[in-house]
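# Observations on the three-dimensional arrangement
For reference, the chains in residue letters:
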Amino acid sequence: MPPAATPSASAGAVDPPATAVAPARETDLQKLVNEAHLKFRALTEGANADYIPELARIPSELYGVAIVTVDGRAYVAGDVEYAFSIQSVSKPFTAALVMQQRGAEALQKQIGVEPTGFPFNAIEAIALQPQRSGNPLVNAGAIAAVSMVEAPDAEAKYRLIEGWYGDFAGQKLTMLSEIYKSEAATNRGNRAIAALLAKYGRIYADPVESVDVYTRQCAIGVNARQLAVMGATLANGGVNPLTGKRVLDSTHVPKLLAIMTMAGFYDESGLWAYRAGLPAKTGVGGGIVAVVPGRMAIVGFSPRLNQAGNSIRATRAIEYIAGELGVSVFGAGR
Ligand code: GLN
């Protein structure tokens, strides 16, 4: 990596040769991950999501923290091998697929990129916003994004999405079928959202089928380590740091990260930008991925959520690491 792209954390210090720097930085990142894991392990605030009945059964104590850097190094602590459902953390990756297939302008025009200020599943937001679907990181926009994915039929569309996520993870990912069945049996709100989008002409395939593919994509299993590789692929400008495969055109990456910064935490996105300053995405499965452009992804996983549907321990862990590293995209403030 060119030295200009990796400024020294200690301003004013003379950079030692890269070979001398690497081990120290590795120790630091592992230490930070360990600290973040230890610091928030005792937090028991919040509760598993239970509107998807199967999610209420996931052990609440699970807690993992992971960093994967753009050169493919992983630093992990805790339950980083447990496969949880990706849920809304899937949304930016499907938005990325739409950008790749149809271009960034199509995503902006046909879905929108404005934060809604409403909860992720708000039906009323559709009636109130001029663009209806808001942005691809709330349910309405995410279902619309699924409807925009080009594939011959619903099955092929799901397979394409699953394979696409696998390219980001550098490993094959598969659906957790109990989670899918549980959500498919109870997702009346999402069906209402799709029907309302259809009323406004803001969904681009069959609404029932689009919700079903969306529900399947949300049930894809991923562990914290894999999710960190997915995020690191975005941090690395769209190239998977483990496989070396270019997944997403680099021109789409800053735009996707902009949406994640504005809307990744739903109606807590402002607070998250204020506290951590990183593009990120949360999911009701308890996973959160944050992206430090050009450097790394930071992931937390823990099932207990706050009112907004954001994992409490994962939020705290990432915020802590980002603060210690001074990697807010708005500057380190020191
Ligand atoms: N599948 C979930 C839903 O549609 C995803 C929500 C989330 O993770 N915030 O409700």
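## A word on the overall build of the protein
Within the protein, the regular secondary structure consists of 13 helices and seven strands. In terms of overall dimensions, the protein is globule-like: its C-alpha atoms have a radius of gyration of 19 Å, near the 20 Å expected for 334 residues. Its C-alpha atoms give the protein principal-axis dimensions of roughly 60 × 40 × 35 Å. Each of the 334 residues in the protein was classed as buried or not, and the buried ones make up 54%. The contacts in the protein between residues at least 6 apart in sequence include a share of 69% that link residues at least 24 apart. Accessible surface, the protein as shown: approximately 13,600 Å² in total, 55% of it carbon and sulfur.

## Topic: the pattern of salt bridges
Scanning the entire structure with this criterion turns up 16 salt bridges. One salt bridge connects Glu-61 with Arg-304, and the closest N-O pair in it is separated by 2.4 Å. Within this pair, whereas Glu-61 is found in the loop between helix 1 (18–39) and strand 1 (64–69), its partner Arg-304 is found in the loop between strand 7 (296–301) and helix 13 (312–325), the two being separated by 243 residues in sequence. The residue Glu-319 makes a salt bridge to Arg-275 at a minimum N-O spacing of 3.2 Å. Placement of Glu-319 in helix 13 and of Arg-275 in helix 12 (residues 269–275) is noted, with a sequence separation of 44 residues between them. By relative accessible area, which is 17% here, Glu-319 ends up buried. Taken together, the salt bridges that share partners define one network made up of Glu-155, Arg-159, Glu-162, Lys-172, Asp-212 and Arg-216.

## Digging into the site of the ligand
Surveying the vicinity of the ligand reveals the residues Tyr-51, Gln-87, Ser-88, Phe-120, Asn-139, Glu-183, Asn-190, Tyr-214, Cys-218, Tyr-266, Gly-283 and Val-284. A distance of 2.7 Å separates a nitrogen atom of the ligand from a polar side-chain atom of Gln-87. When isolated, the ligand has an accessible area of 300 Å², and the protein chains bury 99% of it. Here the shell around the ligand is built from residues that sort into six nonpolar, five polar and one charged.

## Describing the pairing of strand 6 (residues 287–292)
Taken across its six residues, strand 6 has six buried, putting it largely inside the fold. By the alternation rule, side chains of strand 6 split into Gly-287, Val-289 and Val-291 and Ile-288, Ala-290 and Val-292, which are all buried. The pairing of strand 5 (residues 280–282) with strand 6 spans three bridges and is classified as antiparallel. From the neighbouring strand, Ala-280 faces strand 6, where its bridge partner is Ala-290. Remark: four residues form the turn of the hairpin made by strand 5 and strand 6, two consecutive strands paired antiparallel; Gly-286 in that turn has positive phi of roughly 105°.

## Some remarks on the confidence of the model for the protein
When pLDDT is low, close inspection of the predicted coordinates is not appropriate. In the predicted model, the protein carries a mean pLDDT of 93, and 92% of its residues have values of at least 70. Note that residues 1–24 has pLDDT below 50 and, in this model, four contacts with residues that lie over four places away or in other chains.

## Here we look at the packing of aromatic side chains
Applying the stated criterion to the full structure yields nine aromatic pairs. With centroids separated by 6.2 Å and ring planes inclined at 70°, the aromatic side chains of Phe-40 and Tyr-320 adopt a geometry described as edge-to-face. Of the two residues, Phe-40 is situated in the loop between helix 1 and strand 1 and Tyr-320 in helix 13; the sequence distance between them amounts to 280 residues. The burial state of Phe-40 is the same as that of Tyr-320; both residues are buried. Aromatic rings pair up to connect Phe-93, Trp-164, Tyr-165 and Phe-168 into one cluster.

## Describing the nonpolar core
Core analysis: the largest hydrophobic core is formed by 79 residues, its most contacted members being Tyr-165, Phe-168, Met-230 and Leu-234. No other element matches the eight residues that helix 10 (residues 224–235) contributes to this core. Among all residues touching Tyr-165, those that are not within four sequence positions of it are Ile-86, Ser-90, Phe-93, Thr-94, Leu-173, Gln-217, Ile-220 and Met-230. Leu-29, Val-33, Val-65 and Val-292 belong to the second largest nonpolar core, which has 30 residues in total.

Rules and cut-offs
- Every residue gets a number counted from 1 within its own chain, in the order that chain's sequence is written.
- Restriction of local features to residues with pLDDT of at least 70 applies here, the model being predicted, together with a cutoff of 80 or more for giving and counting side-chain atom pairs; totals for whole chains, interfaces and linings are based on all residues.
- With hydrogens and water excluded, all non-hydrogen atoms of the structure serve as input to the side-chain values.
- Only DSSP runs of H or I reaching four residues or more are called helices, and only runs of E reaching two or more are called strands; each is numbered from the N terminus.
- It is over C-alpha atoms that the radius of gyration is taken, and the globule rule equals 2.2 Å times the number of residues to the power 0.38.
- Between buried and exposed lies partly exposed: a residue is buried under 20% and exposed over 50% of the maximum accessible area for its type, with that area taken using a 1.4 Å probe on protein chains only.
- A contact between two residues is defined here by any heavy atoms of the two lying within 4.5 Å.
- Using a 1.4 Å probe, the Shrake-Rupley method yields the accessible areas, and only the shown protein chains count as cover for residues.
- When a carboxyl oxygen of Asp or Glu lies within 4 Å of a side-chain nitrogen of Lys or Arg, that pair is called a salt bridge.
- Note on definitions. A residue lies near a molecule or strand when any single heavy atom of the residue is within 4 Å of it.
- Any N or O atom pair separated by 3.5 Å or less is treated as a polar contact, with the protein-specific requirement of one donor-capable and one acceptor-capable atom, and with residues adjacent in sequence counted only for side-chain atom pairs.
- Ten residues, namely Ala, Val, Leu, Ile, Met, Phe, Trp, Tyr, Cys and Pro, are considered nonpolar, four, namely Asp, Glu, Lys and Arg, are considered charged, and the remaining ones, Gly among them, are considered polar.
- Being paired, for any two strands, means DSSP has found at least two bridges between them.
- A residue's pLDDT is the confidence the predictor assigns to it, expressed on a 0 to 100 scale.
- We call Phe, Tyr and Trp rings a pair once their centres come within 6.5 Å, taking the six-membered ring for Trp, and we label the pair stacked below 30 degrees between planes, edge-to-face above 60, and tilted otherwise.
- In these notes, a set of buried Ala, Val, Leu, Ile, Met, Phe, Trp, Tyr and Cys residues joined through side-chain atoms within 4.5 Å is what counts as a nonpolar core.

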